[in-house]
Structures are given as structure tokens and as C-alpha cells.
There are 2 protein chains.
Amino acid sequence: MIPLVCPAPIATRDTILLGHGSGGKLSAELLRDVFLPAFANPVLAKLEDQASLEIGGARLAFTTDSFVVKPLFFRGGDIGSLAVHGTINDLAVGGAVPEYLSAAFILEEGFAMADLRRIADSMAAAAAKAGVTIVTGDTKVVERGKGDGVYINTAGIGRLREGVRLSASSAQAGDAVILSGSIGDHGIAILSEREGLELETDVASDSAALHTLVDAMFAASPAGALRCMRDPTRGGVASTLNEIAEQSAVGIEIDERTLVIHNAVRGACELLGLDPLYVANEGKLVAVVARESAAAVVEAMRRHPLGGDAAIVGRVTGAHAGMVTMRTAFGTSRIVDMLAGDQLPRIC
Amino acid sequence: MIPLVCPAPIATRDTILLGHGSGGKLSAELLRDVFLPAFANPVLAKLEDQASLEIGGARLAFTTDSFVVKPLFFRGGDIGSLAVHGTINDLAVGGAVPEYLSAAFILEEGFAMADLRRIADSMAAAAAKAGVTIVTGDTKVVERGKGDGVYINTAGIGRLREGVRLSASSAQAGDAVILSGSIGDHGIAILSEREGLELETDVASDSAALHTLVDAMFAASPAGALRCMRDPTRGGVASTLNEIAEQSAVGIEIDERTLVIHNAVRGACELLGLDPLYVANEGKLVAVVARESAAAVVEAMRRHPLGGDAAIVGRVTGAHAGMVTMRTAFGTSRIVDMLAGDQLPRIC
């Protein structure tokens, strides 16, 4: 998550910007310049989306995420289901079987009880469907005007699969890069609700729990063939690929023609000047897989309801370490950098 | 945490009130009427401050807490150290050895980077001192005016001691009630900073990690003698005792003369019309202990730096189940109810 070369040092920033929450370069700066030096320890230094721990003889994954999405309810989900799916996915892409969640609410005085019930019910339904249990929680209330309806934090614990050690630093030259489906749906769904956009066809968030898709990928590949997985949320596929290229010190080349982008998403992005590679997803994963196993993994993913559009979208190279490039539909090649500023705040 | 008899049904409340975050009756209502029905499961239904889980053969405790304290910096601590101590304590009073924490930040656009560094450093120092590791995190940013500087969520995992099963439903008639020290310090420290009160002597928050005090209590008592522990934070000692009385279906009688209340806290409470029994503590614990072990436990606590004022403050009775009473300094007896409204918002 930390670019080795960062254009502007954080020392020049005295205050928090919206972009510090974007999942791009500013987020990486904040991590590198404030949190990592303060909390310095080997687990955190791995920069995964989840911590891998050993406790009482068991190997666990542990992760946390706060959700501040605006609006709270959107086509394809709401802050509650998003909070459940997001934390499940951070466990799943770490190679863990998600088991337990916490749920902590920061409520704004005056928030409608009916909306809170609706959100709690949505969380419960998402957790039940995914087979995880919400076992502990907390509620705080802040004065009117000091919150934004409700913020939710979910932390999660999963059981790490025997012998599995996925890491964003494990990609190797020759590996295949797999994407589980279409990109940009979540971000455009949120943005179109927020801005009242009239799109040709309605875009729904792809918010979903990916752990059974991950199960299918493990079942279809020999031990060690899955190098790493990430869910490309804030910062989009571009930022996720940059994190992997950076941490593994490899190049990644993707092919634009292999990307699935729904027409309405493509249209909205053109209208708004957004690049779908930087738009958030909440039900997709990127996987780096040994070349010889990639076809079998994609085939298994396509048989899963959440992987119908899975495809090999690129490959890992030994050239230009730390850099992501894309072969465009026109046959040219361009650099795909990490999200620089703040494309879409409050997206999750 | 759920009073069997609740004076006003939540159906009459359409919106969230500040008191829903107070740790008193309204918080219990919200839990009973919204969250428990939605998330229904046996672990959550135990209503402990932490979940006891089995995963991969290990017995763990898991807990979460959001911190929205105002002001962020106060005499005796800050939101960062408070967030570390609070979650350590929720694990410790469940009989677990705290090991790992997550840290999730919701930052307001414009928040001073220097303050964030100070808070992160304070969290790191508190974690290092307590021997726990912050292993995973998250940062979100909300627009200016939609937050209040910074909110922090910490979740925690601890290893449950072999054979230990503490529960607020395990208090038995004849047991002793132990309090680890003075009451009301945290709440009055926060309030005096917030309101700019000029107290005779300065009151500092008692915010501290209690897990080594708990270690000493286990070492000083035979298996099963410690029935339950709670840290009396929001809602104060009164609300905590009511929770235990309620869940164990026992009466609890405390003796006012045994309570340690610093003069400045007593003075501030008189000035403000507050009852110190309802004021928050962040470095104290209430324990229910088998009568025959109580003296040894208190003695061990007094040898610990955080238990110098530990004392037996009351006893569990078979009479008036679910009710807490106090024998006053004047020899009369009064009912100590759960916190009804909202005494002090944003206290932790």
C-alpha cells in the first residue's frame, strides 16, 4: 500500500484532506508517515488488508473497516450489508474462512429509528446469508451535526486455511492476473444516487460476500498457486494492482480489452470524466495466480454466481518493477498509476 | 444490560437520543429492541462486554468499542490512550489475556495532522506499555462538519484463560462485591475540561489498562471464585451493578461508606447535581467474588498500583432480585437504579 516514491511528502500537509480516505496515494502517505511509524510491528508492516495471527495455537485473520458511505441506502445495498460484506471480503482475500464479526455504531442524535432498524436487519441478513455471526457490538451517540446519520465499524475474525500464506508481496514474474468480474459498479451506483444522475440503465452496487468464490478458487488450484488476492474497493483496480506491483517489486501489464465494464458504468464515467479503473468495487477480487493454474481457477470462478465474468486480465512481469501498465484497446500502452487525489469520497 | 422492566417502550421513540449512548436504560432499550432481535444469536444474547468464542481449537475473547470523547485531549489521557485501554479492559474483565488490537479512524476533513500524530503516538505508547499489538487498521475521512475531529474504533482479541468462564449472570447470594478504587474520576475530568470548570484540585482521568490487575486477582483466588468482572464506564458503577443484579437475578447491597470518592470529584458532583455512582470510570473494575476468597483478592489488588484503594463495597443477596440498594452514610437505605437518561454524553 506504500509507494516507494511519493511525490509530495506529508510534512507539507498540515491537515487531513478528503483524499486521505480515498485508498490512493494520500491514504498510503498517511499510513507510511503517521500510523506505521507509531504502531511499528511486523504484522502491520506487511500491509495486508488483514492481520495473520497465531493465538492459543490457532492461526487467525483479523481485520477492521469503518463505513461512512453516503447515501446510507443505495441500489444494490446499504451501509449495513456493505459493512458485513466488506469485512468478510478482507478476511476472505487473506485466505481465511470468515467466522465472527463485531458491529459498532456511531449514531447521530436525531437519526431515525426506522432507518436504524432497517440497517440492523440488513446486516443480520447479510451475515446470515454468509454464514458469519455478529457476536459483539457497541453503540455511541454524537450530537446532531457531529455525525452523518450513522457510521458503522465492523471487525472480523476468520480461521486461516492450513498452510495458506497469501501476500501482496508474493507475485512472481509470469503469474497471471485474474479479475472476478465487471468494474466500477459500486462507485457509480453510489455516485449516481448522490448526484441524482439519470443513467440510461440503473447501476446497482456489486456489494457481495466473496468468501465462497474464494473457496472455489482454492479448490481449483494446488497449494501455493494462489499468490495473493485483494478486493479492489476504494482506489479501484488500478490502486490495488499498484499495491501488488509495489509490494512484490514486479511489473504488472493488463489488457484493456479483457476488462468487463457495464455500458451504464462506462457512460457515467465518460460523462463525469472518471476512469473506471479507479472506481470502487465491493464485490470483486483481483488474484495473482501461478500461470499454469490460472485457466482452472478462472473456470472454477465462472461456475460461481459471483464469478461469471472472471477472466485473466493481465500478467506479472520482471520488467519495470513497481509499475502497472495497460495495453489499450487501440494497441498502445499506458502507465496506470495509483489514485492520486480524491476521486470519490465517502464511497464505502 | 437489559432491564426486565423498562418504563417506556422504544416504540414511542422515533429517533435516536443522546441518552441512547449513555450506557443506561436507553442504551439497554436500543440493544433489546433493535440490535438483539436483528442479530439474534447465543453469544450476543449473553450480554457480556466481550464475546467468548472458540475458533480453530482456541478459546478467544473478542470485543469492540468506538470512542467519541470530547475533548480529544484531557487531563490523564486522550482519545488514543482511552481507545487502547477501553478495549484491553473489556477483554480483561472477561477473563482474557489481551493480545491484539485493531485501530480504525474516522477523520474529519481539516483535522490537524499534528493532533493525529499525537493521538497515534499515544495509542502506540499505551499499547506498548500494556503488551498488546495493534495489528490492523483502517482510515476513513468525512467532510468538514460531518465528524468531530476524530472518532476511533478499537476491536480486540484476547486468549481466554483455561477453564475460566466469567459471566454477569454468575453472581450468587453471599458473594462479595469488590470495587478496585475511587469512582467518578474520568467523567469529572472530561466534564471539567469541557465546561471549563475551576475545581479546587485538578481531577485526572483514571484511564488505565486493568489486565495486570486482573492477573493478580486470578492469582489470588481459586478456580471459580471470581464470578464476574465489569469495568464501570458509561453509566458508572450504578449501571454496572444493575446489569449484574439483573442478569444474575440477585439483589446487590452496597455500603456508601466504603466508596472512595476524591474530594474534587465529590465537590464537582455536588456543584453539578451529579451522583458519582453514575459517573464514568475508565480504569476501575467491579468484581463479584466468592465470599471466602474476597479478602485475599482485595489484598492482592491493594498490592497492585491500580488497586491501592480496592475494597469490598457490598454483597450479593437473595432478596429483591434485580435490584441494587445502598446503605447510606446516614444509615438509611435507598434504591440505586440504572442510569435513566443521559447524564454525560461523549464521555468515552
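Preceding block: the structure.
Remember, predicted model here, so these are calculated numbers, not experimental data.

### Brief notes about unusual backbone geometry
Thinking step 1. With an omega of 5°, the peptide bond between K70 of chain A and P71 of chain A qualifies as cis.
Thinking step 2. The phi dihedral of H320 of chain A falls on the positive side, at around 30°, and the residue is not glycine.
Thinking step 3. The topology assignment puts H320 of chain A in the loop between β12 (311-317) and β13 (324-327).
Thinking step 4. By relative accessible area, H320 of chain A is classed as partly exposed at 34%.
Thinking step 5. Residues other than glycine seldom take positive phi values, yet R346 of chain B does so here, at roughly 55°.
Thinking step 6. Its place among the elements puts R346 of chain B in the segment after β14 (333-335).
Thinking step 7. Overall, R346 of chain B belongs to the buried group, its relative accessible area being 4%.

### Looking at the packing of helix α5 (residues 185-195) of chain B against helix α8 (residues 263-272) of chain B
All names here are of chain B.
Thinking step 1. Relative orientation of the contacting elements α5 and α8 amounts to 60°, with a least axis distance of 10 Å. One way to sum up the angle between α5 and α8 is to call them oblique. Note that α5 runs across α8; the crossing there is left-handed. For the pair formed by α5 and α8, the contact residues are D185, I188 and L191 on the first element and V265, A268, C269 and L272 on the second.
Thinking step 2. The class makeup of the residues in the contact of α5 with α8 is six nonpolar, no polar and one charged.

### Quick word on the interface of chain B and chain A
Thinking step 1. Taken together, the contacts link 81 residues of chain B with 81 residues of chain A.
Thinking step 2. Considering only the surface of chain B that becomes buried against chain A, I16, F62 and M113 of chain B emerge as the three largest contributors, covering 10% of it.
Thinking step 3. For the interface between chain B and chain A, the tally reads eight salt bridges.
Thinking step 4. For the pair chain B and chain A, the number of links is 26 residue pairs in polar contact (both at pLDDT 80 or more).
Thinking step 5. Looking at side-chain class alone, the side of chain B that touches chain A contains 41 nonpolar, 20 polar and 20 charged residues.

### Focus on the nonpolar core
Thinking step 1. In terms of nonpolar packing, the biggest core is built from 84 residues, with F39 of chain A together with F105, L116, M123, I252 and L277 of chain B touching the most fellow members.
Thinking step 2. Tallying contributions element by element places helix α4 (residues 113-130) of chain B first for this core, with nine residues.
Thinking step 3. Residues in contact with L116 of chain B, not counting those within four places in the same chain, are I16, L30, V34 and F35 of chain A together with F105, L107 and F111 of chain B.
Thinking step 4. Residues F105, I152 and L339 of chain A together with L44 of chain B belong to the second largest nonpolar core, which totals 82 residues.

### Structural notes on the side chain of D185 of chain B
Residue and element names in this part refer to chain B.
Thinking step 1. Looking at where D185 falls in the secondary structure, it is placed in helix α5.
Thinking step 2. A distance of 2.6 Å separates polar atoms of two side chains, one belonging to D185 and the other to H262.
Thinking step 3. Here D185 is in contact with V203, A204, S205, D206, H262, V265, A280, N281 and K284, once residues within four sequence places are set aside.

### Looking at the packing of aromatic side chains
Thinking step 1. Taken as a whole and judged by the stated rule, the model has six aromatic pairs over all chains.
Thinking step 2. Between F35 of chain A and F39 of chain A the ring centres are 6.0 Å apart and the planes differ by 20°, which places this aromatic pair in the stacked class. Linking F35 of chain A with F39 of chain A, this pair stays in helix α1 (residues 25-39), spanning four residues, or about one helical turn. Considered together, F35 of chain A and F39 of chain A belong to a single accessibility category, that of buried residues.
Thinking step 3. Each ring, one from Y151 of chain A and one from Y151 of chain B, has its centre 6.5 Å from the other, and the planes form 45°; the classification is tilted. Pair noted here: Y151 of chain A is in strand β7 (residues 150-160) and Y151 of chain B is in strand β7 (residues 150-160), and the two residues belong to different chains.
Thinking step 4. Judged by its relative accessible area of 1%, Y151 of chain A is buried.
Thinking step 5. An aromatic cluster is defined as three or more aromatic residues linked by ring pairs; in this entry it consists of F35 and F39 of chain A together with F105 of chain B.
Thinking step 6. The residue whose ring lies beneath R118 of chain A is F73 of chain A, and the NZ or CZ to ring-centre distance is 3.7 Å.

Criteria and cut-off values
Residues numbered from 1 in each chain as written. Chains lettered and ligands numbered in written order. Predicted model: local features only at pLDDT ≥ 70, side-chain atom pairs only at ≥ 80, totals over all residues. Heavy atoms only, no water. Helix = DSSP H or I, 4+ residues; strand = E, 2+ residues; numbered from the N terminus. Buried < 20%, exposed > 50% of the residue type's maximum accessible area, 1.4 Å probe, protein only. Axes fitted to C-alpha atoms, helices over the stretch in contact; angles between N-to-C directions. Parallel < 35°, antiparallel > 145°, perpendicular 65-115°, else oblique. Left-handed = near helix turned anticlockwise from the far one by under 90°. Contact = heavy atoms within 4.5 Å. Nonpolar A, V, L, I, M, F, W, Y, C, P; charged D, E, K, R; others polar. Buried area = accessible area lost by both parts, 1.4 Å probe. Salt bridge = Lys/Arg side-chain N within 4 Å of Asp/Glu carboxyl O. Polar contact = N/O pair within 3.5 Å; in protein donor to acceptor, adjacent residues only side chain to side chain. Core = buried A, V, L, I, M, F, W, Y, C linked by side-chain atoms within 4.5 Å. Phe/Tyr/Trp six-rings, centres within 6.5 Å; stacked < 30°, edge-to-face > 60°. Lys NZ or Arg CZ within 6 Å of the ring centre and 35° of its normal.

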